[in-house]
Amino acid sequence: MTPHIGIQGALVFIMLPLLLSRTLCQVVAEVNLRACPTYASAFRAFTTSSPICGEASDSASVVTYSQLKTMLANRNIQLFDVRNPDEYQAGRIADAVNIPLGTLEESLKLSPERFQQKFAVRAPGKDDDNIVFHCRSGKRSSQALDIARPLGFSRARHYKGGYSEWEEKEGK
């Protein structure tokens, strides 16, 4: 005798793989699931639990301490510190360029010439895979990704450990 799943159970098995998609996760969170109240609360709990939809949390977007060290040693990095200028002045990672989070969007929209004039470094290209944002602890650098990606910087990443981890591991 085969177990009877029913249409609602079948819906769960069909939807579950799709829910793993971040885009669908956001859509399902907005859909009114009144037709399936039993599963609606489960879907709502699933789609609103951590990691938060829209939050840059996938491992492809994160640079670890050892990866950052390698990129710096190979001089293959465009490192942007999105902390406030006073935090940057109090301590920084060598070669990091300070672009406070509040000015990041307008800065990334500058022409390459104007960007270079303002920050004394080459402007990042939208296809560059060596763009890394960092802050104190990873929150603002994650927000920096949320700003940069819609502008076309789809390969940008962030150093989740931030300056706090850097300072701890570097013994400063």
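As the structure is a computational prediction, the values presented were derived from the model and not from experiment. (Residues numbered from 1 in each chain as written. Predicted model: local features only at pLDDT ≥ 70, side-chain atom pairs only at ≥ 80, totals over all residues. Heavy atoms only, no water.)

J.: Could you give an account of the sheet that holds strand E3 (residues 97-98), naming the residues involved and the relevant values?
T.: Pairing is parallel in the open sheet, where five strands are placed in the order E1-E5-E4-E2-E3. Unpaired on one side and paired on the other, strand E1 (62-63) and E3 mark the two borders of the sheet. Alignment of E1 against strand E5 (residues 157-159), held across two bridges, turns out to be parallel. Bridge pairing links Val62 to His158 in E5. (Pairing = 2+ DSSP bridges. Helix = DSSP H or I, 4+ residues; strand = E, 2+ residues; numbered from the N terminus.)

J.: Describe the pairing of strand E2 (residues 78-81), and please don't skip the residues or the numbers.
T.: Both faces of E2 are covered, namely the face carrying Gln78 and Phe80 and the face carrying Leu79 and Asp81. Inspection of the sheet shows E2 paired to E3 by two bridges, in the parallel sense. Bridge pairing in E3 places Asp81 opposite Asn98. In this fold, E2 hands off to helix H5 (residues 85-90), which returns the chain to E3; that crossover is right-handed. (Buried < 20%, exposed > 50% of the residue type's maximum accessible area, 1.4 Å probe, protein only. Right-handed = clockwise from strand over helix to strand, strands pointing away.)

J.: If you had to explain the pairing of strand E4 (residues 131-134) to someone new, which residues and values would you point to?
T.: Every second residue of E4 is oriented toward a common face, with Ile131 and Phe133 on one face and Val132 and His134 on the other, all of them buried. Two strands pair when backbone bridges link them, and E2 and E4 are joined in this way by four bridges, in the parallel orientation. For Gln78, the partnering residue across the bridge sits in E4 and is Ile131. Where E4 and E5 come together, two bridges link them in parallel fashion. Within the sheet, the bridge partner assigned to Val132 lies in E5 and is Arg157. In this fold, E4 hands off to helix H8 (residues 139-148), which returns the chain to E5; that crossover is right-handed.

J.: Run through the nonpolar core, naming residues and quoting values.
T.: Within the largest apolar cluster, 19 residues are counted, with the highest numbers of intra-cluster contacts made by Phe80, Val82, Ile99, Leu104, Leu108, Phe133 and Phe153. Counting only elements with at least two residues in this core, the list comes to helix H6 (101-108), helix H7 (112-119), E4 and H8. Counting residues in hydrophobic clusters, the runner-up holds 14 residues, among them Val63, Met71, Ile77 and Tyr88. (Core = buried A, V, L, I, M, F, W, Y, C linked by side-chain atoms within 4.5 Å.)

J.: Any chance you could break down the pattern of salt bridges for me, citing the residues and the numbers?
T.: Opposite charge on two side chains allows them to pair when their charged atoms are near. One pass over the structure, following the stated rule, counts seven salt bridges. A salt bridge links Glu170 to Lys69, with the nearest nitrogen and oxygen atoms 3.1 Å apart. On the criterion of sequence distance, the pair formed by Glu170 in helix H9 (residues 162-170) and Lys69 in helix H4 (residues 65-73) is long-range, its members being 101 residues apart. Residue classification places Glu170 among the partly exposed positions, given a relative accessible area of 25%. Classification of Lys69 by relative accessible area gives partly exposed; the value is 34%. With a closest N to O distance of 2.8 Å, Glu87 and Arg140 form a salt bridge. Of the two residues, Glu87 sits in helix H5 while Arg140 sits in helix H8, which places them 53 residues apart along the sequence. (Salt bridge = Lys/Arg side-chain N within 4 Å of Asp/Glu carboxyl O.)

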